[in-house]
Structures are given as C-alpha cells and as structure tokens.
Amino acid sequence: MPDRVDWHTYFMNIARQVATRATCPRKHVGAVIARDRTILSTGYNGSARGLPHCEDVGCDIEDGHCVSAVHAEANAIIQAARIGVSVAGAELYTTASPCWPCFKLIANAGISRVYYGEFYRDEKSLAVARQAGIELVIPCPESKPGRSSPSPDNSRTPGRSTSALPASAGTLPGSPGSRP
C-alpha cells in the first residue's frame, strides 16, 4: 500500500488549493477549519460578498494593505457561522500566519490550534498566542506527495509549536510577503 500523507499535510494541501480561489492579486491565501479529521469550513481572501473582485477593479489600498479583501481565516469562520457550524475546539490550517485582526477572530471563535505555511509579517499574533491559549504550529518543510511530514525526532507530528520558539518570532522560516 502506498504511503498516504498525514492529516495535517492533507488539510494544508487543501488550504493551498483553496488559495487558488483568491481574488486579490496581492496575495493568495487559503484556510481550512477542521475538527476530528473533518473539514468544517474553508475560506480564501477576496472581496466582500456581492462586491467587485480586486482582480477585476483593482485593490483599494490603505496604509499598504488592500482593504477590499476579507482574509481567508475570516472568510472560513464567517462561512461556518453562515451554515450554523461551531468551530469551537477546531484547528485552522492557513497558508500564511494570521494577521492580528484575524487572530482575534480565531481566538473569539474558540479555535484551539493554527497550522500555517509561511510567516506573515504580523508578529503580534505569535507573541499573544500562548496567552490566548492558542497553539500556533509551524509545519515541517513542504511534503513530497505520498509522504508524511516527520518531525526531526522522526515522529509523525507535523511541525513545532511556537511555544518552543525564541522570543524573536521575526526570524521564523518562510517569506514575509505582502498580504492584502
């Protein structure tokens, strides 16, 4: 039987696919909310429902950020709420670490753990996560198809928690890139 990817890699791969639906050209981000190995909701960054997409009319930039786009994490939480699904105790997989406004939504929604694919420039979320009782997990490097993502101790855990990171969170791996 061929090797299957572990659950964390599976959900992160789906988040990457969800990001392909993003409509803001500045950064494509995808998010998946899962609990008990079941997807509860997905979201990607794009304009508010019923408004024109950035890719069609351009971005509305304020202070270096696109204010037209709703972030992927927020859209995933909103989508779950729209369909009446609680995300309390769930895990969120996102292709970029959450910005401060999205982190506050994640905390208030009761999401307990966040896996992210690359560091996004906002360090405040990383600094406050432990205090809020939310575990932020840096996944292992890109997995090869059909392989799990073993940690350095060869277990099948997906990455390392920020609880093991130094206070200088700005040195995390991944590209800071700009995000809407």
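Residues numbered from 1 in each chain as written. Predicted model: local features only at pLDDT ≥ 70, side-chain atom pairs only at ≥ 80, totals over all residues. Heavy atoms only, no water.

1. Here we look at the pattern of salt bridges
No. 1: For the structure shown, the criterion picks out three salt bridges.
No. 2: With a shortest N-O distance of 2.3 Å, Lys 27 and Glu 118 are connected by a salt bridge. With a gap of 91 residues between them, Lys 27 in the loop between helix 1 (7-19) and strand 1 (30-35) and Glu 118 in the loop between strand 8 (113-116) and helix 5 (124-132) connect regions that are remote in the sequence.
No. 3: Between Arg 113 and Glu 91 there is a salt bridge; the shortest N-O distance is 2.8 Å. In this pair, Arg 113 sits in strand 8 while Glu 91 sits in strand 7 (residues 91-94), placing the two residues 22 residues apart along the sequence.
No. 4: Using a relative accessible area of 27% as the deciding quantity, one classes Arg 113 as partly exposed.
No. 5: Of the residues examined, Glu 91 reaches a relative accessible area of 17% and is grouped as buried.
No. 6: Residues joined in a network through salt bridges with shared partners are Glu 91, Arg 113 and Glu 135. (Salt bridge = Lys/Arg side-chain N within 4 Å of Asp/Glu carboxyl O. Helix = DSSP H or I, 4+ residues; strand = E, 2+ residues; numbered from the N terminus. Buried < 20%, exposed > 50% of the residue type's maximum accessible area, 1.4 Å probe, protein only.)

2. Things to note about the packing of aromatic side chains
No. 1: Taken as a whole, this structure holds six aromatic pairs when the rule is applied.
No. 2: Aromatic side chains Trp 7 and Tyr 10 sit 5.6 Å apart centroid to centroid with 90° between the ring planes, which places their arrangement in the edge-to-face category. One end of the pair, Trp 7, and the other, Tyr 10, are both in helix 1, three residues apart, so they sit about a helical turn from each other.
No. 3: Connected via pairs of aromatic rings, a cluster forms that spans Trp 7, Tyr 10, Phe 11, Tyr 93 and Tyr 115. (Phe/Tyr/Trp six-rings, centres within 6.5 Å; stacked < 30°, edge-to-face > 60°.)

3. Focus: the side chain of Thr 23
No. 1: Relative to the assigned elements, Thr 23 resides in the loop between helix 1 and strand 1.
No. 2: Leave out the neighbours within four places in its chain, and Thr 23 touches Asn 45, Gly 46, Ser 47, His 53, Cys 54 and Glu 55. (Contact = heavy atoms within 4.5 Å.)

4. Details of the confidence of the model for the protein chain
Predicted coordinates in regions of low pLDDT should not be interpreted in detail.
No. 1: Taken residue by residue, the protein chain gives an average pLDDT of 81. The fraction at 70 or more is 76%.
No. 2: With pLDDT under 50 throughout, residues 143-179 is counted as low confidence; its partners more than four residues away or in other chains account for 83 contacts. (pLDDT = per-residue confidence, 0-100.)

5. Some words on the packing of helix 3 (residues 72-82) against helix 4 (residues 100-109)
No. 1: Axis separation between helix 3 and helix 4 bottoms out at 9 Å; the angle between their running directions is 30°. Considering their axes alone, helix 3 and helix 4 lie roughly parallel with respect to each other. The hand of the helix 3/helix 4 crossing is left-handed. Together, Glu 73, Ala 74 and Ile 77 of helix 3 and Cys 102, Leu 105, Ile 106 and Ala 109 of helix 4 make up the contact between the two elements. (Axes fitted to C-alpha atoms, helices over the stretch in contact; angles between N-to-C directions. Parallel < 35°, antiparallel > 145°, perpendicular 65-115°, else oblique. Left-handed = near helix turned anticlockwise from the far one by under 90°.)

6. Regarding the nonpolar core
Note on soluble globular proteins: their nonpolar side chains tend to be buried together.
No. 1: Among the nonpolar cores identified, the biggest contains 27 residues, and Ile 33, Val 87, Ile 106, Ile 111, Val 114 and Leu 136 are the most heavily contacted of them.
No. 2: For this core, the elements supplying multiple residues, two or more each, are strand 1, helix 3, helix 4, strand 8, helix 5 and strand 9 (135-139).
No. 3: At five residues, the largest contribution of residues to this core is made by helix 3.
No. 4: Those residues in contact with Ile 106 that sit more than four places away from it in its chain are Glu 73, Ile 77, Leu 92, Pro 98, Ile 111, Val 114 and Ile 134.
No. 5: With nine residues, the next largest nonpolar core counts Val 18, Val 32, Ala 34 and Tyr 115 among its residues. (Core = buried A, V, L, I, M, F, W, Y, C linked by side-chain atoms within 4.5 Å.)

7. Thoughts on the environment of Asp 56
No. 1: By the element assignment, Asp 56 lies in helix 2 (residues 54-57).
No. 2: Given a relative accessible area of 58%, Asp 56 falls into the exposed group.

8. Quick notes on unusual backbone geometry
No. 1: The phi dihedral of Asp 36 falls on the positive side, at around 55°, and the residue is not glycine.
No. 2: Here the phi dihedral of Arg 37 falls at roughly 60°; this positive angle occurs in a residue that is not glycine.
No. 3: In this fold, Arg 37 is placed in the loop between strand 1 and strand 2 (38-44).
No. 4: On the accessibility criterion, Arg 37 (59% relative accessible area) is exposed.

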